[in-house]
Amino acid sequence: MSYQKRTALALAAAVAGSVVLITAPAAQASVVDVNYNCQTPIGAKSAVSPIDIKAVKSGSSYNVTMTFQKGVSSSPVALGAGAMNPSAVINLGGADKGTVAVKGPANTAEIPANTPIKISDLSGTYVPKANGKVTFTAGVLTIKALGTTTTCTASNSPGPSLELDVTGAAGSGAAGTGGGGDPAALPKTGPLDSAVALGTLGGTVVLVGAAGVLWLTRRNQRA
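> Residues and numbers for the overall build of the protein, please.
Within the protein, the secondary structure is distributed over two helices and ten strands. Starting at the N terminus and walking to the C terminus, you meet the elements of the protein as α-β-β-β-β-β-β-β-β-β-β-α. When burial is assessed residue by residue, the protein has 27% of its 223 residues classed as buried. Accessible surface computed for the protein: about 13,600 Å², of which carbon and sulfur atoms make up 61%.

Here's what the structure looks like:
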């Protein structure tokens, strides 16, 4: 093989390696089994459901979707279409703290009595307040049906279903916070205020210049 061909192959491999690094994913998702203990109107029930969480960037925020791969809890009576409304919270960890509220549509088909309730996909919006790796973990699930409320909490301390690499967070303190100070207490920096500030600075320079001229004049007169 000629030197030119070897050089071309090496360059192509280097470029390919660079492309792989550039397109490396900024999020790591995994399906996590969550053991839910549910407090229902007729007593405690439990069920395990694999949970998948995804986030898609939309401007300065993320559209978050939480998916239940198996049903949880059950009802002693059939639930007609539109009778069940689910919602949940996702716990944030890592670089950011707090929760993300997600909710889903009511059931479109009847849920038979004493069968696991399949939860529709729950969605919500995450607005990051810190940069870095942020984790998303399934939190409390709430099911409202026929005027009753069922609350399900995870009993097995599940791990995160998603780890997201966040950059450019609006609340990270990168702009105008003065190292954690109150932004309201900072001086205004609008065009008018800038003009006033420049005018004041110019006046100071003029005054200092005039004083210097007077001082030099008096000194020459004394001499």
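> Account for the pattern of salt bridges, naming residues and giving values.
Evaluation of the coordinates by the stated rule reveals one salt bridge. Notably, a salt bridge pairs Asp-52 with Lys-54, separated by 2.3 Å at the nearest N-O pair. By relative accessible area, Asp-52 is classed as buried at 10%.

> So, the nonpolar core: which residues are in play, and what are the values?
Membership of the largest hydrophobic core comes to 34 residues, with the highest contact counts inside it found for Tyr-36, Met-66, Tyr-126, Phe-136 and Leu-141. Breaking this core down by element, the ones donating at least two residues are strand E2 (32–40), strand E3 (43–58), strand E4 (61–68), strand E5 (84–94), strand E6 (98–103), strand E7 (122–126), strand E8 (132–145) and strand E10 (162–166). The element contributing the most residues to this core is E8, with six residues. Those residues within four positions of Tyr-126 in sequence are excluded, and the remaining contacts are Ser-61, Tyr-62, Val-64, Leu-92, Asp-96, Val-100, Val-134, Phe-136, Leu-164 and Val-166.

> Give a description of the state of the cysteines that names residues and reports values.
Per the counting criterion, the structure on display carries one disulfide. Residue Cys-38 pairs covalently with Cys-152 via a disulfide, S to S 2.1 Å. Here the disulfide of Cys-38 and Cys-152 is right-handed, its torsion about the S-S bond being about 110°. In this pair, Cys-38 sits in strand E2 while Cys-152 sits in strand E9 (residues 148–154), placing the two residues 114 residues apart along the sequence.

> Help me get a handle on the side chain of Ser-49, residues and values and all.
Along the chain, Ser-49 turns up in strand E3. Judged by relative accessible area, Ser-49 falls into the buried class, the value being 0%. A distance of 3.0 Å separates a polar side-chain atom of Ser-49 from the backbone oxygen of Lys-70. Excluding its chain neighbours within four sequence positions, the residues that come into contact with Ser-49 are Val-32, Asp-33, Val-34, Phe-68, Gln-69, Lys-70 and Val-72.

> Which residues make up unusual backbone geometry, and what values do they have?
Although it is not a glycine, Asn-114 sits at a positive phi angle of roughly 60°. Of note, Asn-114 is situated in the loop between E6 and E7. The phi dihedral of Ser-157 is positive, around 45°, even though this residue is not glycine. Looking at the element boundaries, Ser-157 is found in the loop between E9 and E10.

Conventions and cut-offs
Residues numbered from 1 in each chain as written. Predicted model: local features only at pLDDT ≥ 70, side-chain atom pairs only at ≥ 80, totals over all residues. Heavy atoms only, no water. Helix = DSSP H or I, 4+ residues; strand = E, 2+ residues; numbered from the N terminus. Buried < 20%, exposed > 50% of the residue type's maximum accessible area, 1.4 Å probe, protein only. Areas by Shrake-Rupley, 256 points an atom, 1.4 Å probe, with all protein chains shown as cover. Salt bridge = Lys/Arg side-chain N within 4 Å of Asp/Glu carboxyl O. Core = buried A, V, L, I, M, F, W, Y, C linked by side-chain atoms within 4.5 Å. Contact = heavy atoms within 4.5 Å. Disulfide = S-S within 2.5 Å. Polar contact = N/O pair within 3.5 Å; in protein donor to acceptor, adjacent residues only side chain to side chain.

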